[in-house]
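# Per-entry structural report
Here is how the chains run, residue by residue.
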Amino acid sequence: MIPGIGTLTQDTLWCFSQVKGTIEIGTTEDVPCFPFAFCHDCKFPEACPDMQNSNVLPSGLLPSGQNKLGPWCSPTGSPAPLSCETGCGEGSWILVCRLLVPTQVSLLSMEEDIDTRKINNSFLRDHSYATEADIISTVEFNHTGELLATGDKGGRVVIFQREQESKNQIHRRGEYNVYSTFQSHEPEFDYLKSLEIEEKINKIRWLPQQNAAYFLLSTNDKTVKLWKVSERDKRPEGYNLKDEEGRLRDPATITTLRVPVLRPMDLMVEATPRRVFANAHTYHINSISVNSDYETYMSADDLRINLWNFEITNQSFNIVDIKPANMEELTEVITAAEFHPHHCNTFVYSSSKGTIRLCDMRASALCDRHTKFFEEPEDPSNRSFFSEIISSISDVKFSHSGRYIMTRDYLTVKVWDLNMENRPIETYQVHDYLRSKLCSLYENDCIFDKFECVWNGSDSVIMTGSYNNFFRMFDRNTKRDVTLEASRENSKPRAILKPRKVCVGGKRRKDEISVDSLDFSKKILHTAWHPSENIIAVAATNNLYIFQDKVN
């Protein structure tokens, strides 16, 4: 659909809730899973292999009259234009299988000698029920894209790992399975301020992998934690001072000296907290960002930004402080912050007034005076009661190249060039049809929703979320855009991800949805894009959808 993206098909649907401890993965209801797709309406026969090489599937999993998988299609031309109303362009791919993470799973102790990835059928398959704690609050790929971490409002972190066979087989390249899950934060209570501290995970950030273990940062409103996720497939045996059950022996009974040995065991994935960075924020943390030197990171709350060293937990350096002496003079708050991807001295932060400040830590230890100030002049004709609210920036991201900054406010996504401060070089309307609904959105508090935005690996495409489980993609080169939907109703096997259109007024076409019919309780706030491939993760309430483009 979009050049470089193709027609997105839903590869895997993760529905998880109440996931605690070590879990085992369940499959679909007693039906073999064949995570392959077959070519629909192929117009590139010269690009398809011989049909005799196609895989044979059970007739019940394919359309009537078709009992073979194929032909595999690899279009050599450009994808279907955006005007294609069916979403099924030349060589479009259709989903054959859907995997579900169980809603309720048996809790297993971390000490049990079990393989966390064995199949477990002892769970309830009611995926329609979700509690407040099950709602996904952040999604993040690691630097290689092999792992995908999600955090929820219950303080849990679930890590998905890409299947090895999916990397070698083109048609299965987007498959992820549960790798590890752990409780990152617990609810707390500040007795001095009589304030409850939620366990909700606000952000997750991965550190580059340096050895066999993985490291990630997770934060709630007050505390940042550094977690180590590692595998263990051997255990020591033959201690001298302990028996096989771990109890201390009587030294008088020890007559021989034994050398402990390592014995093979079933694979176990362990998550251990290595650092806890606490007691540094008076206000709620909204952002964390790892520096390009990989020795420091910053955490930002509503009024301050702190710089941390990974090795020092009891001290941080305050690099931005916008708190006025008199709180009645407060006019704006910090909404997001991020380090430059290549220059360790440069970072950017956004505000509720719709402004972006670029700071250089070489100029001053306290970066209250910005180096560059990005702001777009307001059009007086569009001024309204809601102007200040909808201009508040909810997310800011550097491009992978470091040349551009992307910001998301309530209605638009803007791209800024670091060399031009007076206006953005690109502005994309996400859901401009909601301008007439701002009053009702204010009454139901939806106008304060904080949508995130992401770049693709080459910085050529932008993705962000909307309501009704819609998410939008914008191609910066062709200026084309598409609206797609992530919902359980459209996640049937062999389903194509079709473009959606919203009808503002007049006669509504069959394939369009009226703006009055949008469900504002269903929203896509958190998204992630694989760092090098066209694989995306979209969080919708307690569901995590993983999509990939068609195989070229």
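Criteria and cut-off values
Residues numbered from 1 in each chain as written. Predicted model: local features only at pLDDT ≥ 70, side-chain atom pairs only at ≥ 80, totals over all residues. Heavy atoms only, no water. Helix = DSSP H or I, 4+ residues; strand = E, 2+ residues; numbered from the N terminus. Buried < 20%, exposed > 50% of the residue type's maximum accessible area, 1.4 Å probe, protein only. Areas by Shrake-Rupley, 256 points an atom, 1.4 Å probe, with all protein chains shown as cover. Salt bridge = Lys/Arg side-chain N within 4 Å of Asp/Glu carboxyl O. Pairing = 2+ DSSP bridges. Axes fitted to C-alpha atoms, helices over the stretch in contact; angles between N-to-C directions. Polar contact = N/O pair within 3.5 Å; in protein donor to acceptor, adjacent residues only side chain to side chain. Contact = heavy atoms within 4.5 Å. Core = buried A, V, L, I, M, F, W, Y, C linked by side-chain atoms within 4.5 Å.

As annotated in an unreviewed UniProt entry, the protein chain carries the name Serine/threonine-protein phosphatase 2A 55 kDa regulatory subunit B and comes from Callithrix jacchus.

## Structural notes on the overall build of the protein chain
When you go through the protein chain residue by residue, the secondary structure sums to three helices and 34 strands. A burial count over the protein chain gives 53% of its 552 residues as buried. Summed over its atoms, the accessible surface of the protein chain is roughly 25700 Å², and 49% of this surface lies on carbon and sulfur atoms.

## Overview of the pattern of salt bridges
Under the criterion given, the structure shown has 28 salt bridges. With a shortest N-O distance of 3.0 Å, Arg 162 and Glu 533 are connected by a salt bridge. Here Glu 533 lies in the loop between β32 (526-529) and β33 (535-540) and Arg 162 lies in strand β6 (residues 156-162), a separation of 371 residues in the sequence. Using a relative accessible area of 26% as the deciding quantity, one classes Glu 533 as partly exposed. Arg 383 is the salt-bridge partner of Glu 378, the closest N and O atoms lying 3.2 Å from each other.

## Observations regarding the sheet that holds β6
Sheet architecture is open: four strands sit in the order β4-β5-β6-β7, paired in antiparallel fashion. Every other strand in the sheet has two partners, leaving β4 (136-141) and β7 (176-183) as the edge strands with one partner each. Across the sheet, the axes of successive neighbouring strands diverge by a mean angle of 20 degrees, strand direction being ignored. With seven bridges joining them, β6 and β7 adopt antiparallel strand pairing. Counted as the bridge partner of Val 157 is Phe 182 from β7.

## Considering the pairing of strand β29 (residues 481-485)
For β29, a buried count of four out of five residues is recorded, marking the element as mostly surrounded by other parts of the structure. Here strand β28 (residues 470-475) pairs with β29 via five bridges, running antiparallel. The residue bridging Phe 474 from the neighbouring strand is Asp 481, located in β29.

## Overview of the pairing of strand β15 (residues 296-300)
Side chains on a regular strand alternate between the two faces of the sheet. The buried count for β15 comes to five of five residues, which makes it a mostly enclosed element. Going residue by residue along β15, you find Thr 296, Met 298 and Ala 300 tucked away on one face and Tyr 297 and Ser 299 tucked away on the opposite face as well. Two elements, strand β14 (residues 287-290) and β15, share four bridges in a ladder whose sense is antiparallel. By the bridge assignment, Val 290 is partnered in β15 with Tyr 297. Joining the antiparallel neighbours β14 and β15 is a turn of five residues, in which Tyr 294 adopts a positive phi near 60 degrees. Taken together, the five bridges between β15 and strand β16 (residues 304-309) define a ladder with antiparallel strand orientation. Note that in β16 the partner of Ala 300 across the bridge is Ile 305. Hairpin remark: β15 followed by β16, antiparallel, with three residues in the connecting loop.

## Some thoughts on the side chain of Thr 355
Within the secondary structure, Thr 355 is located in the loop between β19 (346-351) and β20 (356-360). Among the polar contacts listed, one links the side chain of Thr 355 to the side chain of Ser 351, at a separation of 2.7 Å. Engagement of the side chain of Thr 355 in a polar contact is seen with the side chain of Arg 357, the distance being 3.3 Å. Excluding anything up to four places from it in sequence, Thr 355 contacts Glu 332, Tyr 349, Ser 350, Phe 373, Phe 374, Glu 375 and Ile 393.

## Considerations on the environment of Pro 260
Following the sequence through the fold, Pro 260 ends up in the loop between β12 (224-237) and β13 (261-277). A residue is classified by how much of its surface remains accessible, and Pro 260, at 41% relative accessible area, is partly exposed. Taking the C-alpha atoms as reference points, Pro 260 and Arg 235, separated by 25 residues in sequence, lie 10.0 Å from one another. In contact with Pro 260, other than residues within four places in its own chain, are Glu 237 and Gly 238.

## Structural notes on the environment of Gly 155
Mapped onto the fold, Gly 155 is located in the loop between β5 (147-152) and β6. With 46 residues separating them in the primary sequence, Gly 155 and Ile 201 have C-alpha atoms 5.4 Å apart. If sequence neighbours within four positions are ignored, Gly 155 has contacts with Phe 182, Gln 183, Ser 184, His 185, Glu 199, Lys 200 and Ile 201.

## Structural notes on the nonpolar core
Counting residues in hydrophobic clusters, the biggest one holds 19 residues, and the most contacted among them are Tyr 410, Leu 434, Leu 441 and Leu 518. Residue contacts for Tyr 410: discarding those within four places in its chain leaves Ile 390, Ser 392, His 431, Leu 438, Leu 441, Cys 446, Ile 447, Asp 449, Phe 451 and Tyr 467. Judged by nonpolar contacts, the second largest core, of 16 residues, contains Val 454, Leu 497, Ala 540 and Phe 547.

## Thoughts on the sheet that holds β29
As summarised here, the arrangement of the four strands in space is β26-β27-β28-β29, forming an open sheet in which the pairing is antiparallel. Each edge of the open sheet carries a strand with a single partner, namely β26 (453-455) and β29. Each adjacent strand pair in this sheet contributes to an overall mean axis angle of 20 degrees, direction not counted. Relative to β28, strand β27 (residues 461-465) is paired through five bridges, and the arrangement is antiparallel. Pairing of Ile 462 across the sheet is with Phe 474, part of β28.

## Brief notes about unusual backbone geometry
Not every positive phi belongs to a glycine, and Asn 469 is a case in point at roughly 60 degrees. Its place among the elements puts Asn 469 in the loop between β27 and β28. Relative accessible area serves as the criterion here: at 6%, Asn 469 is assigned to the buried category. The phi angle at Lys 479 is positive, at roughly 65 degrees, despite the residue not being glycine. Structurally, Lys 479 can be placed in the loop between β28 and β29.

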